[in-house]
Amino acid sequence: GFGIPSVAATGARVFWLTGIGGNSTDWQLWTATPTRPAARRLAFASSDTDGPPAIVLGPGTSEGVPYAVGATLTYVAPSGAQLFQVDLGSEVRLVAAGRGPARARLVAALADGRVLVLSGAGAVLRTASYEPNEVVAVALAGTGQVVQAGRDVSVCCSPTGPFVTML
């Protein structure tokens, strides 16, 4: 099968992820702009069709769009310039951009259960631990990272503050 499971945008730049699969799925990440409409491939990776995607694309903001290939997280500006690229030591399962407290700009959930909050330069500002594959959604808001683990949603009040859990 073939599909486009996610899209993101920052400024006039758009990104989209394609998957072509059978027993394994080939993932490709593309980008284009109105002034350069020919699609440019940014990444290619394959994974088992029954497993998690080999490339993860997060929603963008006016500052940039995050994506990950395996454990490598990349943040791209509206101009197409790479804001940072960092190896997080475990495969990225979910990623989102936003404006969190202080310098927080991204949140990433990793296969080993860690949820990291990163600055716009790629520095890890906060780490929270969950069971592997327990986190099903992440977001970054002005109050901090929002994490859904199973049926529980946790909102962190500041980069160093406690969590408030809602059901």
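Data block above holds the structure.
So, here's what we can say about the structure. (Residues numbered from 1 in each chain as written. Predicted model: local features only at pLDDT ≥ 70, side-chain atom pairs only at ≥ 80, totals over all residues. Heavy atoms only, no water.)

1. Some points on the packing of aromatic side chains
Applying the stated criterion across every chain yields a total of one aromatic pair. Taken together, a centroid distance of 5.7 Å and an interplanar angle of 50 degrees make the contact between tyrosine 75 and phenylalanine 84 tilted. The pair tyrosine 75 / phenylalanine 84 is uniform in exposure class, with both members buried. (Phe/Tyr/Trp six-rings, centres within 6.5 Å; stacked < 30°, edge-to-face > 60°. Buried < 20%, exposed > 50% of the residue type's maximum accessible area, 1.4 Å probe, protein only.)

2. As for the sheet that holds strand β9 (residues 92-97)
The pairing of strands in a sheet happens through backbone hydrogen bonds and is either parallel or antiparallel. Taken together, the four strands give an open sheet; going across it, the order is β9-β10-β11-β12, and neighbouring strands pair in antiparallel fashion. With partners counted over all chains shown, the strands left at the sheet margins are β9 and β12 (124-129), one partner each. Averaged over all adjacent pairs, the angle separating strand axes in this sheet is 15 degrees, with direction ignored. With five bridges connecting them, strand β10 (residues 104-110) and strand β11 (residues 114-119) associate as antiparallel partners. Paired with alanine 104 across the bridge in β11 is serine 119. (Pairing = 2+ DSSP bridges. Helix = DSSP H or I, 4+ residues; strand = E, 2+ residues; numbered from the N terminus. Axes fitted to C-alpha atoms, helices over the stretch in contact; angles between N-to-C directions.)

3. Observations concerning the environment of alanine 45
Here alanine 45 lies in strand β4 (residues 40-48). With 26 residues separating them in the primary sequence, alanine 45 and glycine 19 have C-alpha atoms 9.8 Å apart.

4. Quick word on the sheet that holds strand β8 (residues 82-87)
What the four strands build is an open sheet, ordered β5-β6-β7-β8; its pairing is antiparallel. Edge positions in the sheet fall to β5 (55-57) and β8, since each of these pairs with one other strand and no more. Each adjacent strand pair in this sheet contributes to an overall mean axis angle of 15 degrees, direction not counted. Relative to β8, strand β7 (residues 72-76) runs antiparallel, the two being bridged by five bridges. Residue pairing in the sheet places tyrosine 75 in a bridge with phenylalanine 84 of β8.

5. What to know about the pattern of salt bridges
All chains considered together, the criterion is met by four salt bridges. Salt-bridge contacts for glutamate 63 lead to arginine 105; the nearest nitrogen and oxygen are separated by 3.1 Å. Pair noted here: glutamate 63 is in the loop between β5 and β6 (65-69) and arginine 105 is in strand β10, with a separation of 42 residues, a long-range link. Beyond isolated ion pairs, a larger network of salt bridges with shared partners links Glu63, Arg99 and Arg105. (Salt bridge = Lys/Arg side-chain N within 4 Å of Asp/Glu carboxyl O.)

6. Examining the nonpolar core
Membership of the largest hydrophobic core comes to 14 residues, with the highest contact counts inside it found for Leu73, Leu88, Val92, Val95, Leu106, Ala108 and Leu118. Contributions of two or more residues to this core are made by β7, β9, β10 and β11. Residues contacting alanine 108, with those up to four places away along its chain left out, are Leu88, Val92, Leu94, Val95, Arg114, Val115, Leu116 and Leu118. (Core = buried A, V, L, I, M, F, W, Y, C linked by side-chain atoms within 4.5 Å. Contact = heavy atoms within 4.5 Å.)

7. Points about the side chain of serine 47
Mapped onto the elements of the fold, serine 47 is located in strand β4. Contact partners of serine 47, with chain neighbours within four places excluded, come to Ser24, Thr25, Trp27, Pro52, Pro53 and Ala54.

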